[in-house]
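Fold and geometry: a report
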Amino acid sequence: MKQLTLLIVLLFSFTSGAQTSQFTIKGKIVDSKTKQALPYVTLLLSSAENKKEAVTDADGNYILKSNSGNYQLKAVYMSYKTFTAENIQLNKDIVMKDILLEESINQLNEVNVIAEKSAVEMKIDKKVFNVGKDILSSGGSANDILNNVPSVNVDIAGVVSLRGNSSVTVLINGKPSMLTTNNGLSQISAANIEKVEVITNPSSAYEAQGGAGIINIIMKKNTMKGFNGSLQAGIGNPARHNVNANVSYKTEKVNLFGNLGYRYLDIYGYNKQFQTNTDNGTTTILNQYDDMKRSIGVYNMYVGGDYYINSKNTLTGSYYRSKDNNNNKMHYNYNYANANNVTDSIISRSEKYKEPQIYNALELNYVKTFDRKDKKWTTSLQYDFWNDDENQYITQQKIFPFNASVSNLYSRDIESSNDIFIKSDFVDPISENSKIEMGIRSDLRALRSDYHTILDNVLQEQFTNKLKYDENLYSAYFQFSSKYKKFNYQLGLRSELSDIKIADAKNTFNNAKNYINLFPTLHFVYNLTEKTDLQLSYSKRINRPRFWQLNPFSGVSDLRNLTVGNPDLNPMFTNSFEFTLLTKPGKFSINPSVYYKHTTNYFEYIVKRTDENYFVSTPVNLDTEDRYGAEVSTTYNPTKWLRLALDFNYYKFKQQGTFENVNYNAEDQTWLSNFRSVVKFPKIISGEFSFRYRGKNQGVQSLTEAQYSANLGLSKDFLGDKMSVTLNVNNLFNSQITTEKITTQYYYLESEARSQGRYINLNVIYRFNRSKNDADRLPDNM
């Protein structure tokens, strides 16, 4: 009995000692040629007794923990040669030298199947979607990329929404850009986007603008040494032609880069509208049909360079210039009828619209690193200056009963802006598991608009004015993040001072808004298992009105359906809560979230009928909006050559408010879904298919019918991957149609609009001294 007791004690002591003698092995994995970090590389640490597995993070870093012993370490990454290190004695914590993975070169007659890398990564304050080698977006634009990101949608007019909410801020490399408005994202080539960050509850390091959150588009940067570049050309039907040349030259001390490009697009669309008006017992009917053709030509140039002062200091300067020529032709047909739908009169209206726009951006960046890993100080100075000249030439004639007289309307709006952006951030990892971040920022904008309208040689005073808009934002933030065992947290506080003025030359309004606000942020993450994280987050957000929402002087293309701004519109504030579970990708992954947003002083467009039975839409402040929903993103990789993804978002909202003694209350629910499949046989052909569906939605006034669309793409590489050819068919079923209905006691309004039909793209890219995985160097601010 004593011997048995002694044996048990010794066995227990041995086991306890083995459990406490655990050590870590960590390091980084990079591409052997480009020295770029490789995310999502699988590492296997194995011995006769133990096996451990890990995956590198977005920066290529890995960490493994195991008992002492003799181990073999393997690094496995698709399309790269497997790395193996033998006889690793794990009897202390080890920091490995960087592992250099080499691309696997296969024989041309070999059929090699390569799967995509993991698509989603969760950080403490964001979800990161890696673009990979998307076929549907190849040869396309940033809009095509965003439409493949779960819960993100870009409609046919270029409006970006997140979880069905258009109150979202879009950034380029963490910075504001004019190209994120007015469908400017269509000018950014999809081939140069590395990843998209979706930040539904941003940390205090990000600006507080955007009630729905932030979408941050991260551009690729070419880091290859020597002279290299790429040539790209594409054609489309309807016309979507592009040519682009990109070159770079890098040495140990400098990196010079340049880009020249041109894009031309023809866009065809239409709008149908049916309305009935009841006034004093009399009913009138209007059937309206509009045809549209937009022709857009875009020239862009980008030049700049990095200067590596030393190993810890880098200075970057660049200049970007874009010139857009917009030429639109529209024809409006108004058919007026009585209550029996018998035509009373027909009016024909034609418009020619020209808008040349020139956009310039100068940028200077300074980055300083320190001996301590991840300690960094960055400072950016950006100056944007742009102008556009909007010209409308409109003729109108009654063709039934025929009237020979023709009225001529001419309007012109000259806009210009000078924008200065200054930002400085400091990051200091004060310990192995903790870090502090702090920064300051200024956004200074001065916009001027000179608008006038002439009807039959007579100046129209009600549509003539000059406008001054100044927006100055000053902000500072501090945040602390730390890790304790399986628990990560981040606490932040941001302060923003807003100084906004808008005034017109006629002094009909002169509004100044000056306010300071605090925006706290909280993020908590718990590592439930090695492959599963739980996250709880909170942030306070602001949505300041955009300039076009404040500007009461709009275009006069269709006087019967005007959209005008409200210079007295106030910002709205949102308190956002979210709980998320993220399982790291394997063959099957599922990532559900639940969220709740409470918004005060929210604004909504209200449609009012005028005495002439015309309609005017303007944004106004209402009271509150409560929005809550559930989101699920799933992926399934049954084989190496097939990847399936399904994203589903359901939300319910309740809106309440009163405007001009009328209650505008709405409560509804809807859902969004996106299915995507990818088939990859790189030595034969690759294909991709996506299908999107948006459910019916009832707002405070309008009912928007359900909408669906589908895209199909094929891709083939030639000449050892130096050349790629891609064929895309977008809006496959010609189904991107927006249908809306408004029903009131006095009128009924129904509209159907299509801003873009089906289009086909053929794109060819040729690379010299550059691999397929490397991208053009494009501006940080775009």
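What you are looking at is a predicted structure, and each value in this text was computed from that prediction instead of being measured. Along each chain, residue indices are assigned from 1 in the same order as the chain's sequence is written. The predicted nature of this model means local features are confined to residues of pLDDT at least 70 and side-chain atom pairs, given and counted, to a pLDDT of 80 or more, with totals for whole chains, interfaces and linings taken over all residues. Side-chain calculation: all heavy atoms of the structure are included, whereas hydrogens and water are not.

As for the nonpolar core
Basically, it comes down to this: In this text, buried Ala, Val, Leu, Ile, Met, Phe, Trp, Tyr and Cys residues form a nonpolar core when linked through side-chain atoms within 4.5 Å. Think of it in three bands: residues with accessible area under 20% of the maximum for their type are buried, residues over 50% are exposed, and the middle band is partly exposed, with areas taken using a 1.4 Å probe on protein chains only. We call two residues in contact when some of their heavy atoms are within 4.5 Å.
Ranked by size, the top nonpolar core spans 35 residues in total, and within it Leu467, Tyr469, Ile502, Ile542, Leu622, Tyr664 and Val700 carry the most contacts. Setting aside anything within four residues of it in sequence, one finds valine 700 in contact with Tyr602, Glu604, Ile606, Gln655, Tyr664 and Ala666.

A word on the pattern of salt bridges
As a reminder, the rule being used: By salt bridge we mean one thing: a side-chain nitrogen of Lys or Arg within 4 Å of a carboxyl oxygen of Asp or Glu. Secondary structure is summarised from DSSP: a helix means a run of H or I of at least four residues, a strand means a run of E of at least two, and numbering begins at the N terminus for each.
Under the criterion given, the structure shown has 23 salt bridges. Here glutamate 432 and lysine 26 are joined by a salt bridge, their closest N and O atoms 3.8 Å apart. Taken together, the residues glutamate 432 in the loop between β23 (407-428) and β24 (434-455) and lysine 26 in strand β1 (residues 22-31) connect sequence positions 406 residues apart. Note on lysine 26: relative accessible area 31%, which makes it partly exposed. Measuring nitrogen to oxygen at the nearest pair gives 2.6 Å for the salt bridge that ties arginine 544 to glutamate 496.

A word on the pairing of strand β29 (residues 532-543)
Note the following rule: Strand pairing follows a simple DSSP-based rule, namely that at least 2 bridges must link the two strands.
Counting buried positions over the twelve residues of β29 gives nine, a clear majority of the element. Hairpin geometry of strand β28 (residues 510-529) and β29 is characterised by an intervening segment of two residues between the two adjacent antiparallel strands. Where β29 meets strand β31 (residues 572-583), twelve bridges bridge the pair, whose relative direction is antiparallel. Following the sheet pairing, isoleucine 542 is matched in β31 by phenylalanine 573.

Focus: the layout of surface pockets
Quick note on the threshold: Using a grid of 1 Å spacing that covers the protein atoms alone, one calls a set of points a cavity when a 1.4 Å probe fits there but cannot get out, and a pocket when the set is open and has protein on both sides within 12 Å along at least five of seven lines; lining residues are those with an atom within 4 Å of a point. Grid points are joined across faces, edges and corners, and a volume is the space filled by probe spheres set on the points. Throughout this entry, Asp, Glu, Lys and Arg are counted as charged residues, while Ala, Val, Leu, Ile, Met, Phe, Trp, Tyr, Cys and Pro are counted as nonpolar. The remaining residues, Gly among them, count as polar.
Taken as a whole, the second largest pocket holds about 290 Å³ of empty space. Lining the second largest pocket are 18 residues, with Arg349, Leu455, Phe463, Leu559 and Tyr614 positioned closest to its centre. Within the residue set of the lining of the second largest pocket, elements represented by two or more residues are β22 (376-400) and β23. Here the lining of the second largest pocket is built from residues that sort into nine nonpolar, six polar and three charged.

Let's talk about the sheet that holds strand β30 (residues 561-563)
So the rule is basically this: Axis definition: a line fitted to C-alpha atoms, over the contacting stretch in the case of helices. Angles run 0 to 180 degrees between N-to-C directions.
Pairing within the open sheet is mixed, and its three strands lie in the order β30-β34-β33. Only two strands of the sheet have a single partner each, and these edge strands are β30 and β33 (603-609). Averaged over all pairs of adjacent strands, the angle between their axes in this sheet comes to 30°, without regard to strand direction. Of the strand pairs in this sheet, β33 and strand β34 (residues 615-621) are connected by seven bridges, and their pairing is antiparallel. Across the sheet, the residue bridging to tyrosine 605 is proline 619, located in β34.

Brief notes about the sheet that holds strand β6 (residues 83-90)
Strands in a sheet are paired, the pairing made by backbone hydrogen bonds, and the direction either parallel or antiparallel. Spatially, β3-β2-β5-β6 is the arrangement adopted by the four strands of the open sheet, whose pairing is antiparallel. In this open sheet, the two strands that pair with only one neighbour each are β3 (51-55) and β6. Across the sheet, the axes of successive neighbouring strands diverge by a mean angle of 20°, strand direction being ignored. As defined by bridge partners, strand β2 (residues 42-46) adjoins strand β5 (residues 69-76) across five bridges and the pair is classed as antiparallel. Within β5, the residue paired with serine 46 across the bridge is glutamine 72.

Description of the packing of aromatic side chains
The condition that has to hold: Two rings belonging to Phe, Tyr or Trp (six-membered ring only in the last case) form a pair when the distance between their centres is within 6.5 Å. Interplanar angles under 30 degrees mark stacking, angles over 60 mark edge-to-face geometry, and anything in between is tilted. By the criterion adopted, a ring carries a charge over it if an Arg CZ or a Lys NZ lies within 6 Å of its centre and within 35 degrees of its normal.
Within this structure, the stated rule accounts for 23 aromatic pairs. Taking 6.3 Å as the distance between ring centres and 65° as the angle between the ring planes, the aromatic pair formed by phenylalanine 588 and tyrosine 636 counts as edge-to-face. Separated by 48 residues along the polypeptide, phenylalanine 588 in strand β32 (residues 588-600) and tyrosine 636 in strand β35 (residues 624-639) bring together distant segments of the chain. The exposure class assigned to phenylalanine 588 is exposed, which follows from its relative accessible area of 52%. Counting every residue linked through ring pairs, the aromatic cluster contains Phe257, Tyr302, Tyr320 and Tyr359. Of note, arginine 240 hangs over the ring of tyrosine 759, and the distance from its end group to the ring centre comes to 3.7 Å.

Looking at the environment of methionine 292
With respect to the secondary-structure elements, methionine 292 resides in strand β19 (residues 282-310). For methionine 292, a relative accessible area of 21% puts it in the partly exposed group. As a C-alpha pair, methionine 292 and isoleucine 267 span 25 residues in sequence and 8.0 Å in three-dimensional space. Excluding anything up to four places from it in sequence, methionine 292 contacts Ile267, Tyr268, Gly269, Lys329, Met330 and Ser755.

Topic: the confidence of the model for the chain
Applicable threshold: pLDDT is a residue-level measure of predictor confidence that goes from 0 to 100.
For the chain, the average pLDDT comes to 84, and 87% of its residues sit at 70 or higher. The weakest mean pLDDT in the chain belongs to helix α1 (residues 2-20) at 42; the strongest belongs to strand β27 (residues 487-504) at 95. Counting contacts from residues 105-118, a segment whose pLDDT is below 50, to residues more than four positions away or on other chains yields 31 contacts. Across residues 776-782, confidence stays below pLDDT 50; counting only partners more than four residues off in sequence or on other chains, it has 46 contacts.

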